[in-house]
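As a plain string of letters, each chain reads:
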Amino acid sequence: MLSSKFVSLTPRTAEIGRYLSTATKLTIVEVNDKTGIATLTLNRPPINALNLEFLRDVQQSIQEIEHNKSRGLMLTSGNARIFSAGLDINEMYKPDKERARMLWLTLQDVWASLYGSKLPTAAAINGHAPAGGCLLATCCEYRVMLPKFSIGLNEPMLGIVQPIFCMFNFLNVLPRRLAERSLNQGKIFNTEEALRIGLVDDVANSKEEALAKCVEFIGSFDKVNPVARSQSKLQFRAANLQQFEKQRGKDLETFVSFINNPKMQEELGIYLKNLGKKTAK
C-alpha cells in the first residue's frame, strides 16, 4: 500500500507511476506501478550540495520507500551534470555548533538507511559524484554511470579525514589495497577508470539507459524470495553497520572538532573565496 501523500501526475505519466514530493521539494520519489520500483531523484539546484534540509529529505524519502514496500530503490539526480557535489561547504564554514552536529548526525542516518536498506538498491549516476555524491552511490548494490563524468571520495584534498562509513563503502566494492590507496589519496576517477576498477558496474550513454539498467538489475531478483534476499544482503553488511553504531559518537565528535579548528576554518574561507572568483568569471 502506497502512502496517501502520493498523487497522480499528467495522464501521460500517471499510467506508469505515482510521485511523492517532500514539502521542500529537495527530493522526488516516483514509484512505478508496474514494476513496484521507486526512483529517488536528488533535486537541490544547482549542484545537489548536501545541506541539513536536503539530507533530512533524502532520509525521509528512503524511509517512505521502505515503508511503502517498494520492490527496489533507484537513486539518481535531477541535474544533468551533477549527481551530487557532496556536503555543502557553507554548512561547515563558520558553523552554528548545534546545526553542524545535526548535519553530521543526519548524514550518518542517511548512510545507515541506504547502506542497510533491505531493498535492492541501484544508482544511475548521471553526473559528477565527488565526496558525498560518491558516498551515496557506493551505498547502493549496483551502480551505472554516464560517460565523461567523475566519481571518488576526495575528502583528504580538503583536509578532511575519511569517515569510517566511507571506508566501509569502498571496502565493500574495491579490493582492500586499492580502497585504502584511493581513500588516502582522495582519488577521483573518470567513468572509464571507475568501470575498470569496479567502482561502478556498468556504463550507459543516457540517463534513461542508466535507469533501464538499474531496473534490469533489480529485476534480476524477481525469482528470489525477498525475505531471503534481504537477510542475505544484511548478513554481508551487518558487521559494518554494527561497528558504525559503536563508533557513531566518536565519528560525530571528530567531525565537530575538525570543522571548529581555526586552521580548517581559514582554509575553508580561502576555498569559498576562490570558488566565488571562479563563479564570477
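Predicted model, so just to flag it, every value in this text is computed and none were measured.

Chemist: Is there a simple way to think about the sheet that holds strand β11 (residues 189–190) in this case?
Modeler: Paired through backbone hydrogen bonds, the strands of a sheet run either parallel or antiparallel to each other. Strand order across the open sheet formed by 3 strands is β8-β10-β11, with mixed pairing between neighbours. With one partner strand each, in any of the chains shown, β8 (129–130) and β11 form the two edges of the open sheet. Taken together, the 2 bridges between β8 and strand β10 (residues 150–152) define a ladder with parallel strand orientation. By the bridge assignment, Ala 129 is partnered in β10 with Ile 151.

Chemist: Would you mind showing me how to read helix α4 (residues 132–139) here?
Modeler: For an α-helix the count is 3.6 residues per turn, leaving residues at separations of three or four pointing the same way. Here α4 lies mainly inside the structure; 8 of its 8 residues are buried. When α4 is considered as a whole, its buried residues turn out to be Gly 132, Gly 133, Cys 134, Leu 135, Leu 136, Ala 137, Thr 138 and Cys 139.

Chemist: How should unusual backbone geometry be read in this particular structure?
Modeler: Working note: non-glycine residues mostly have negative phi, and peptide bonds are mostly trans. Cis geometry marks the peptide bond from Pro 45 to Pro 46; its omega dihedral reads 5 degrees. Note on placement: Pro 46 falls in the loop between β3 (37–42) and β4 (49–50). Unusually for a residue other than glycine, Ala 131 sits at a positive phi of about 50 degrees. With respect to the secondary-structure elements, Ala 131 resides in the loop between β8 and α4. For Ala 131, a relative accessible area of 13% gives the class buried. Phi is positive for Lys 148, which is not a glycine, with a value near 65 degrees. Here Lys 148 is to be found in the loop between β9 (142–145) and β10.

Chemist: Can you help me understand the packing of helix α3 (residues 97–115) against helix α9 (residues 226–259) in this one?
Modeler: Running from amino to carboxyl end, α3 crosses α9 at an angle of 170 degrees, the nearest separation of the two axes being 10 Å. Comparing the axis directions of α3 and α9 gives the class roughly antiparallel. Residues Ala 100, Arg 101, Leu 103, Trp 104, Leu 105, Gln 108, Asp 109, Trp 111, Ala 112 and Tyr 115 of α3 pack against Lys 233, Arg 237, Asn 240, Leu 241, Phe 244, Arg 248, Asp 251, Leu 252, Glu 253, Phe 255, Val 256 and Ile 259 of α9. Along the lines of polarity and charge, the residues of the contact of α3 with α9 split into 13 nonpolar, 2 polar and 7 charged.

Chemist: How should the nonpolar core be read in this particular structure?
Modeler: Generally speaking, nonpolar side chains in soluble globular proteins are found buried as a group. Leu 75, Trp 111, Ile 125 and Ile 151 are the most contacted members of the largest nonpolar core, which totals 80 residues. Among the elements that make up this core, the one with the highest residue count is α3 (9 residues). Non-local contacts of Trp 111, meaning those with residues more than four positions away in its chain, are made with Gly 116, Leu 135, Cys 139, Phe 165, Phe 168, Asn 169, Asn 240, Leu 241 and Phe 244.

Chemist: What is the right way to read the pairing of β9 from this model?
Modeler: Taken residue by residue, a regular strand's side chains alternate between the two faces of the sheet. The two faces of β9 match: Tyr 142 and Val 144 on one face and Arg 143 and Met 145 on the other face are all buried. Here strand β7 (residues 121–125) pairs with β9 via 4 bridges, running parallel. What sits directly across from Ala 124, in β9, is Val 144.

What counts and what doesn't
Residues numbered from 1 in each chain as written. Predicted model: local features only at pLDDT ≥ 70, side-chain atom pairs only at ≥ 80, totals over all residues. Heavy atoms only, no water. Pairing = 2+ DSSP bridges. Helix = DSSP H or I, 4+ residues; strand = E, 2+ residues; numbered from the N terminus. Buried < 20%, exposed > 50% of the residue type's maximum accessible area, 1.4 Å probe, protein only. Axes fitted to C-alpha atoms, helices over the stretch in contact; angles between N-to-C directions. Parallel < 35°, antiparallel > 145°, perpendicular 65-115°, else oblique. Contact = heavy atoms within 4.5 Å. Nonpolar A, V, L, I, M, F, W, Y, C, P; charged D, E, K, R; others polar. Core = buried A, V, L, I, M, F, W, Y, C linked by side-chain atoms within 4.5 Å.

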